[in-house]
Each structure stands twice: as structure tokens, then as C-alpha cells.
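Residue-level structural notes
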Amino acid sequence: MFDLLLPTVSQGLLWSMLALGVFLTFRVLDIADLTVEGSFPLGAAVAAACLVKGGNPFTAIVLAAIAGGLAGVITGLLHTKLKIPALLAGILTMIALYSVNLRVMGKANLSLLRVDTVFTYLRNMGLDNNMSIFTVGIISTVLFVLAIYWFFGTEIGAAIRATGFNPQMIRAQGVDTNHTIIFGLLLSNALVAISGAFIGQSNGFADVGMGVGTIVIGLASVIIGEVLFGTRSFKNSLISVVLGSVVYRIVIAVVLQMGMPPNDLKLFTAVLVALALALPLFQNKINKRKVAE
Amino acid sequence: MLRIEHVSKTFFPGSVNEKRALNDLNLQMNPGDFITVIGGNGAGKSTMLNSIAGVFPIDAGKIIIDGEDISKKAEHQRAKYIGRVFQDPMLGTAAGMMIEENLALAARRGKTPTLAWAIKDSERDDFREMLRGLDLGLESRMTNRVGLLSGGQRQALTLLMATMNQPKLLLLDEHTAALDPKTAEKVLNLTLDIVQRHHLTTLMITHNMRDALRFGNRLVMMNAGRIVVDVEGEEKEKLTIPDLLALFEKASGSALDNDRILLG
Ligand SMILES: Nc1ncnc2c1ncn2[C@@H]1O[C@H](COP(=O)(O)OP(=O)(O)OP(=O)(O)O)[C@@H](O)[C@H]1O
Ligand SMILES: [Mg+2]
């Protein structure tokens, strides 16, 4: 059991960038953004294509981030300029990205077994496979949490947060909420694509279907993190989301160990998220009953 | 200062729900004017304020502030001239952000946000002083989320945010209507205090006739998308509530119908 812990935590860290991206849209902007399901495999595809062509892993990840950011901008434009509801705008981009991802990879699945990934670099420096994944996970997670924390302490970051809470209020302060929404979606999907780029490299392949269910995984991480580790402040929320991603991976590892068929994973996650989203309702009912007694 | 020239606005044009909310509206405000606005349900009072603030585009006419035609400008572009407080205490602040974060956003009203810190240490002392002026004890709660405040506290905070860097025009849309009478009185006095201190040009909608008479140097009454009564100065000072009702009936040809209006 214990020898599974390090790889499980490492996976949680690599996925935490997806969770942070989902947190930025779902919690900060108050938008359920399904672009994620396309920008995650997009990140993996762009990074894989770059690596296969002999690019270095750093370039691959930067390109993945740019591609993901662009996908977010598209959704943002559809939503703000064309007034398409955010949910639908995300779905449109997601569907379009399916074709884009096939084009980027040239086929449905791109193997990375014979190319140098970010993890091979660390292995060449003497780390074993588990340690190299953990190292990449922990360094990138810490870097991104710090960067996000800094950014949301700036004027632009504060304007984006305010947009999520009360667009009318921040417009009355002279901020163009179209810009803040587009920018928030850009950041979110860049993070998601980076997560995809890392996961693709750690799995050893990029696959056009690897985005299915990622929004639910992101939501599960955000909600588990919030429930277990709190939302006292923005900093607290960011750390909760990362820990939520790790806990989610541990939960999954445990139920698999207990014999749940892997095919049922998505069903399990969906039920988990549905229950977690309904939690406030249950709590209200319980509180009411308490008051009534 | 503010000129509204022949402004019209129809909601849902061409449909069965078509509603002409402003009908060739004209108003000229002088610098320092404090105008109270009353009128029946659906007379177009809120629509007038929303048109000035740019919440939606107007169909015809011009809105001019200090000689500049702002009719075509987006809502966020007009914000640098205009401070606003809404009827709903939830609308003026970001509930999930701290009091000081809200104040810092308001302190930058009309400026394009940059990558500078959203709030500087040096500002906090100023904010604390301003909050102390509200006399609600908020100066010791600057890092509380605004969502924790009562409606009256939120309205007072919104008022402070709307006025802290002296807008050319202050728009108040029944900003005390959602508060209990005692709190409403407090927020109204605060309003008067701030408006006088900064000599703010102010448009205040109210459904309370007494407040409309008590506050401001000028009073307008609206009916069917137009201003039908406009009194100021000494003439306004001398008005009583029966005078007002009579004036309204004479100008509009019908009695004032507003189910929320308070006569006394
Ligand atoms: N955003 C909107 N969309 C559609 N119709 C609107 C909108 N705002 C106002 N109206 C309609 O325009 C008319 C004028 O409304 P407005 O809110 O300006 O009245 P008011 O004078 O503020 O009334 P009240 O005293 O009830 O607040 C009403 O018939 C209203 O239903
Ligand atoms: Mg109104």
C-alpha cells in the first residue's frame, strides 16, 4: 500500500494544475467552463507533437500553455462578444478542439515512449521514475500556486475576482467585464493545458480521448479540497484545491485497490461530485430539522 | 454639468411587451445640484439613472456630462465620472471580498487595472479614517468579507465607495428603500453629509415624499417617461406634501400612483 503513496501523490500534484484551472473558472469567475475537456488533451497533444519533433520539454509545456490559453480566449469571445451562454460556449470550443487535437497529433494517439520528456531529463540526472514525477509535480505546483497568489493580489487579479462575485459592481468601477472574463478563461485553460502536457508525458502518450471527464475530476478536486481544508482566504482556497486533487487521487487509488473495476471510475467520480455539490442542500435540511426540534 | 436631451428608451420594441420607459426626456443639471426624483410605478426613474450610467444603450437623444457626449460610451467607460448606489444592498459591493479590497477597487474607479498591487499599505490608513467617518465600527473589520455586513452597513460602504474619489455625478436609486426606517435614516444623513462635504452633483430617486422635500435643492417628478414637475430653491423649500400631490395631478392629469410611496 505504502509504495503506492508517492506515485499517487505525484499524480495528484500533476493533476492539481487542472484543479487550479477549474477553480479559477468555477469558483473565481463563477462560470462552469467545459472548454477544459478540450484544452486538457490539447495541452497533451501540443506537448507530445512538439516532443516528437525533437523539441525540448520546456518549450513543449510553454506551447501547450499558449494553446490552452488561446482555447480559453475563444470560449471567452464566444461568451462575451457573441453572448453565447458560458456553458454552451465551452461545449462549442471543446467539440472544435477534438478536431484540432486530431490535427495537432496527426492521429488519435501519439506515443512518447521513445522520446525525451521532462521526466526522462530528471531520470538522466539520477532520480528514479517515481521521484522524477514527484519532483516535477511539487516544483510546478508550488510555482503555479505562488504565481496565481501573486497575480490575484494585483489590480487585474482583483478585478477578475470581483467580476466573479458581482459583475455589475466592478463595471461601476470602470472595469470592462468582457476583458476580465476572457482573461480569466485564458489563465484557467492555460493551466489545464499544462496539466494535460504533464499527464501526457507521465503516461507516455497523448490521446484524443483523454479529456473525457476532466471537468468532473477538476470539480471533485475543488470541492473535496474546500470541504476538507477550508476556504478562509484566497491563499487557503488555492492550497485546498491542490490538496483536494491529491486526496482525490488517493481516494481513487484506494477504491481501485478495494476491487472497483477501473471502468466504473467515471461513474464513481460523477456520483461523488453530485453528492458534494448537493452537500449545502443536505446541510440546510439538517440545520432546519435541528431548528425545528 | 449633466444634460439629458430628448432621450427615449423603449424596452422590447415591436413585441407585445413593448414598453416605452423614457419618452423624449430632458433634464439639465447645474454643478452642485442635489435633485430628488419621485414618480409613480414604472414612471421611468430607474431607467433614467440606468441610461445615464450606460447600463443599456438609449434609442434616441444625447447624454452630456461636462460638455462631453457620453451617450455612445460603454458602462465601464462612464464609471470614471459616475458614482452609483443601488436599491439592492447586494449590488454595490463584492460580497466575497474583504472590506478593504472593495475600497481599493473603488479607489481605482475609472483607471485601467494594472499588475500593481491591488491594495497598497499606505492606502489602508486612509481607508480606516474613511470608515471611522461612517461611525459603524467598520474601521476595525477591514479584513472581513463584505458578505458578513448588514444591509445598512453594506449600503453605507457602497456610498463611501461611490463617493471616495469625488465623482462628477452621484446616482442614488432608492438606496435606502431596502433598509429598516432607523438604518435608512442613518444612511440618508450620511448621504447628505457626504454630498455636502464634497459638493457632489446628485440625483436621488426616493419613494418617500418627505425625504424628497427634506433633501436637495431641487425636486423633479416623473410620469410616463418624462419629467412633469421641476421645482427648485425657495419654491421647493416652501412645498408641502399636499402641494406636491396637487402639482403632480395638474401636470400629469392623474393622481400619483405608486404602491410603495410614503407620504409622511
Ligand atoms: N431592464 C429592463 N427590461 C425591460 N423592461 C424594463 C427594464 N427596466 C425597466 N423596464 C420597464 O420600463 C418601465 C419603467 O421602469 P423603471 O424601472 O424605470 O420605473 P421606476 O420609475 O423606477 O419605477 P419604480 O418606482 O417601480 O422603481 C417599466 O414598465 C419597467 O417594467
Ligand atoms: Mg425604480
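Let me begin by describing the structure that accompanies this report. As the structure is a prediction and not an experimental result, all values here were calculated from the model. (Residues numbered from 1 in each chain as written. Chains lettered and ligands numbered in written order. Predicted model: local features only at pLDDT ≥ 70, side-chain atom pairs only at ≥ 80, totals over all residues. Heavy atoms only, no water.)

**Some words on the site of ligand 1**
Residue and element names in this part refer to chain B. Rules: We call a residue near a molecule or strand as soon as one heavy atom of that residue lies within 4 Å of the molecule or strand. Polar contact is defined as a pair of N or O atoms within 3.5 Å, subject to the rule that within protein one atom must be able to donate a hydrogen and the other to accept it, and that residues adjacent in sequence are counted only when both atoms are side-chain atoms. Only DSSP runs of H or I covering at least 4 residues are called helices, and only runs of E covering at least 2 are called strands; the numbering of each starts at the N terminus.
As a matter of local geometry, ligand 1 sits amid 15 residues, with Gly42, Gly44, Lys45, Ser46 and Thr47 nearest to it. Contacts to ligand 1 include Gly44, whose backbone N or O atom sits 3.0 Å from an oxygen atom. Thr47 has a polar side-chain atom sitting 2.5 Å from an oxygen atom of ligand 1. Residue assignment for the shell around ligand 1 shows that the elements contributing at least two residues are strand E2 (19–29) and helix H1 (45–53). For the shell around ligand 1, the element with the highest residue contribution is H1, accounting for three residues.

**Overview of the environment of Val187 of chain B**
Residue and element names in this part refer to chain B. Applicable threshold: Whether two residues are in contact is decided by their heavy atoms: any pair within 4.5 Å suffices.
With respect to the helices, strands and loops of the structure, Val187 is situated in helix H6 (residues 181–198). Linking Val187 and Ala43, residues 144 residues apart in sequence, is a C-alpha distance of 25 Å. Setting aside anything within four residues of it in sequence, one finds Val187 in contact with Gly152, Leu159, His175, Thr176 and Leu179.

**A few points about the interface of chain B and chain A**
This is how the line gets drawn: Buried area counts how much accessible surface, traced with a 1.4 Å probe, disappears from two parts once they are put together, with both parts' losses summed. Here, a salt bridge means any Lys or Arg side-chain nitrogen found within 4 Å of an Asp or Glu carboxyl oxygen.
The partner chain A presents 24 residues to the 30 residues of chain B that form the contact. Taken over both partners, the interface formed by chain B and chain A buries close to 2300 Å², and the fraction arising from carbon and sulfur atoms is 60%. Of all residues in chain B, the largest losses of buried area upon contact with chain A belong to His76, Leu105 and Leu115 of chain B, amounting jointly to 24% of the total for that side. For the interface between chain B and chain A, the tally reads three salt bridges. One can count 13 residue pairs in polar contact (both at pLDDT 80 or more) joining chain B with chain A. Those elements that place two or more of their residues in the side of chain B that touches chain A are helix H2 (75–78), strand E6 (82–85) and helix H3 (99–107) of chain B.

**Some words on the environment of Met105 of chain A**
Residue and element names in this part refer to chain A. Stated precisely, the cut-off is as follows: Partly exposed describes any residue whose relative accessible area lies between the buried limit of under 20% and the exposed limit of over 50%, with all areas from a 1.4 Å probe on protein chains only and scaled to the type maximum.
Positionally, Met105 belongs in helix H4 (residues 86–105). On the accessibility criterion, Met105 (7% relative accessible area) is buried. Residues Met105 and Ala49, 56 residues apart in the sequence, show an inter-C-alpha distance of 5.9 Å.

**Structural notes on the sheet that holds strand E7 (residues 169–173) of chain B**
All names here are of chain B. Note the threshold: Here, a strand pair is defined by DSSP locating no fewer than two bridges between the strands. Axes, fitted as lines to C-alpha atoms, cover a helix only where it is in contact. Angles between the N-to-C directions of the axes lie from 0 to 180 degrees.
Here we have six strands laid out as an open sheet, ordered E6-E7-E8-E3-E9-E10, and mixed in their pairing. Of all strands in the sheet, those with a lone pairing partner are E6 and strand E10 (226–232), marking the two edges. Averaged over all pairs of adjacent strands, the angle between strand axes in this sheet comes to 20 degrees, irrespective of strand direction. Where E7 lies against strand E8 (residues 201–205), five bridges are found, and the strand directions are parallel. The partner of Leu171 across the bridge, within E8, is Leu203.

**Thoughts on the pattern of salt bridges**
Scanning all chains against the criterion turns up 18 salt bridges over all chains. For Asp33 of chain B, the salt bridge identified is with Arg218 of chain B, shortest N-O distance 2.8 Å. Pair noted here: Asp33 of chain B is in the loop between E2 and strand E3 (34–39) and Arg218 of chain B is in strand E9 (residues 218–223), with a separation of 185 residues, a long-range link. The two residues Asp33 of chain B and Arg218 of chain B agree in class, both being buried. With a closest N to O distance of 3.3 Å, Arg128 of chain B and Asp125 of chain B form a salt bridge. On the criterion of helical spacing, the pair formed by Arg128 of chain B and Asp125 of chain B is a turn pair, its members being three residues apart in helix H4 (residues 121–134). Given a relative accessible area of 29%, Arg128 of chain B falls into the partly exposed group. Looking at Asp125 of chain B, the relative accessible area reads 47%, which means it is partly exposed. Salt bridges linked by common partners bring Glu155 of chain A together with Arg108 and Glu123 of chain B together as one network.

**Focus on the packing of aromatic side chains**
Residues and elements named next belong to chain A. For clarity, the cut-off: Here a Phe, Tyr or Trp ring, Trp counted by its six-membered ring, pairs with any other such ring whose centre lies within 6.5 Å, and the pair is stacked when the planes are under 30 degrees apart, edge-to-face when over 60, and tilted otherwise.
Scanning all chains against the criterion turns up seven aromatic pairs over all chains. Their ring planes at 90 degrees and their centres at 5.1 Å tell us that Phe151 and Phe152 sit as a pair that is edge-to-face. Grouping residues by exposure puts Phe151 and Phe152 together as buried. Considering the side-chain rings of Phe152 and Phe234, the 5.2 Å spacing of their centres and the 45 degrees angle between planes classify their relative orientation as tilted. Of this pair, Phe152 sits in the loop between helix H6 (129–151) and helix H7 (155–165) while Phe234 is found in helix H11 (residues 234–257), placing the two residues 82 residues apart along the sequence. Under the relative-accessibility criterion, Phe152 is labelled buried at 6%.

**Overview of the sheet that holds E2 of chain B**
All names here are of chain B. The antiparallel open sheet is built from four strands, whose spatial order is E2-E1-E4-E5. The two strands at the open ends of the sheet, each matched to only one other strand, are E2 and strand E5 (68–69). In the sheet, strand E1 (residues 2–11) pairs with E2 via seven bridges, with the strands oriented antiparallel. Directly across from Ile4, in E2, lies its bridge partner Leu27. Sitting on the sheet, H1 touches E1, E2 and strand E4 (60–65), and the angle it makes with E2 is about 65 degrees.

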